[in-house]
Amino acid sequence: MIDEYILNTKAMDTQNVSKVLTGGTCPTDNEQCLKLEKAAIQIQSWWRGNVVRRTLLHTALRAWVIQCWWRSMQAKMLEQRRRLALRLYTCQEWAVVKVQAQVRMWQARRRFLQTRQAACIIQSHWRWHASQTRGLIRGRYEVRASRLELDIEIVVT
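As annotated in an unreviewed UniProt entry, the protein carries the name IQ domain-containing protein F6 and comes from Carlito syrichta.

Set out below in structure tokens:
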């Protein structure tokens, strides 16, 4: 009964313990009373140590939970920033690709139109030349040293 009372009492001091044990005040020269007081002090210090350790443990666990939450939030924010940067980079790359495709299409179309115009000019000159000669051009050529010898024979029919 006394042990339960001592363990369950939150605000214990040596006088209360000695009163409970002896049923009154404890004389100062009694050796048994001093031992009980020392035991009471040890129990109190043990109990207060347990309370402090429990409080520190709960505080540490709460801090750990908050730290875990904060780290997860930081990771989410970092992932969002990374995805946004990736999306922006992708949009810019597609814009560059589209502009390049348009420029290349314009260059290819311009070359095609120039080639078609050149072919039309060559065809018109060739047709004019063919209509003027109305014959057959035969010839042969040889390359000798530093000059070209050319023999052309035109047959008109």
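Read on for the rest.
What follows is about the overall build of the protein. When helices and strands are tallied, the protein shows three helices and two strands. Listing each helix as α and each strand as β along the protein from the N terminus yields α-α-α-β-β. The 157 residues of the protein split such that 7% are buried. Taking the contacts inside the protein whose residues are at least 6 apart along the sequence as the reference set, 19% of them involve residues at least 24 apart. Accessible surface, the protein as shown: approximately 14400 Å² in total, 60% of it carbon and sulfur.

Moving on to the confidence of the model for the protein. Mean pLDDT for the protein: 81, with 66% of residues reaching 70 or above. Helix α1 (residues 2-8) is the least confidently modelled element of the protein, averaging 48 in pLDDT, while helix α3 (residues 31-133) averages 93, the highest of any element. Of the regions scoring below 50 in pLDDT, residues 1-7 engages in nine contacts with residues more than four places distant in sequence or in other chains.

Further remarks concern a nonpolar patch on the surface. Together, Leu 57, Leu 61, Trp 64 and Val 65 give the surface a local cluster of nonpolar side chains, amounting to about 420 Å² of exposed area. Structurally, Trp 64 can be placed in helix α3. For Trp 64, a relative accessible area of 51% translates into the label exposed.

Our next topic: the pattern of salt bridges. Applying the stated criterion across every chain yields a total of two salt bridges. For Glu 79, the salt bridge goes to Arg 82, with nearest N and O atoms at 2.6 Å. On the criterion of helical spacing, the pair formed by Glu 79 and Arg 82 is a turn pair, its members being three residues apart in helix α3. When its relative accessible area of 30% is taken as the criterion, Glu 79 is described as partly exposed. A relative accessible area of 46% means that Arg 82 is categorised as partly exposed. Here Arg 83 makes a salt bridge to Glu 79, at a shortest N to O gap of 3.1 Å. In this pair, Arg 83 and Glu 79 are both assigned in helix α3, four residues apart and thus about one turn of the helix distant.

We now examine the packing of aromatic side chains. In the structure shown here, the tally under the stated rule is two aromatic pairs. On the basis of an interplanar angle of 50° and a centroid distance of 6.2 Å, the ring pair of Trp 46 and Trp 47 is categorised as tilted. With centroids separated by 6.2 Å and ring planes inclined at 45°, the aromatic side chains of Trp 69 and Trp 70 adopt a geometry described as tilted.

What counts and how
For every chain, the first residue of the written sequence is number 1, and numbering continues from 1 onward in sequence order. Only residues with pLDDT of at least 70 get local features here, since the model is predicted, and only at 80 or more are side-chain atom pairs given and counted; chain-wide, interface and lining totals rely on the full set of residues. Calculation of side-chain values draws on the structure's entire complement of heavy atoms; hydrogens and water are dropped beforehand. Helix and strand assignments follow DSSP, with helices taken as H or I runs no shorter than four residues and strands as E runs no shorter than two, numbered in order from the N terminus. Only protein chains enter the accessibility calculation, which uses a 1.4 Å probe; a residue whose area is less than 20% of its type maximum is buried, one above 50% is exposed, and one in between is partly exposed. By the convention used here, residues are in contact when the closest approach between their heavy atoms is within 4.5 Å. Residue exposure ignores everything except the shown protein chains as possible cover, and the areas themselves are Shrake-Rupley values with a 1.4 Å probe. Confidence of the prediction at every residue is given by pLDDT, a number between 0 and 100. Patch membership requires more than 30% relative accessible area and the absence of a salt bridge. Residues of like charge join within 9 Å; the nonpolar side chains Val, Leu, Ile, Met, Phe, Trp and Tyr join within 5 Å. Put simply, a salt bridge is a Lys or Arg side-chain nitrogen that is within 4 Å of an Asp or Glu carboxyl oxygen. Aromatic contacts are taken between Phe, Tyr and Trp rings whose centres are within 6.5 Å, Trp giving its six-membered ring; a plane angle under 30 degrees counts as stacked, one over 60 as edge-to-face, and the others as tilted.

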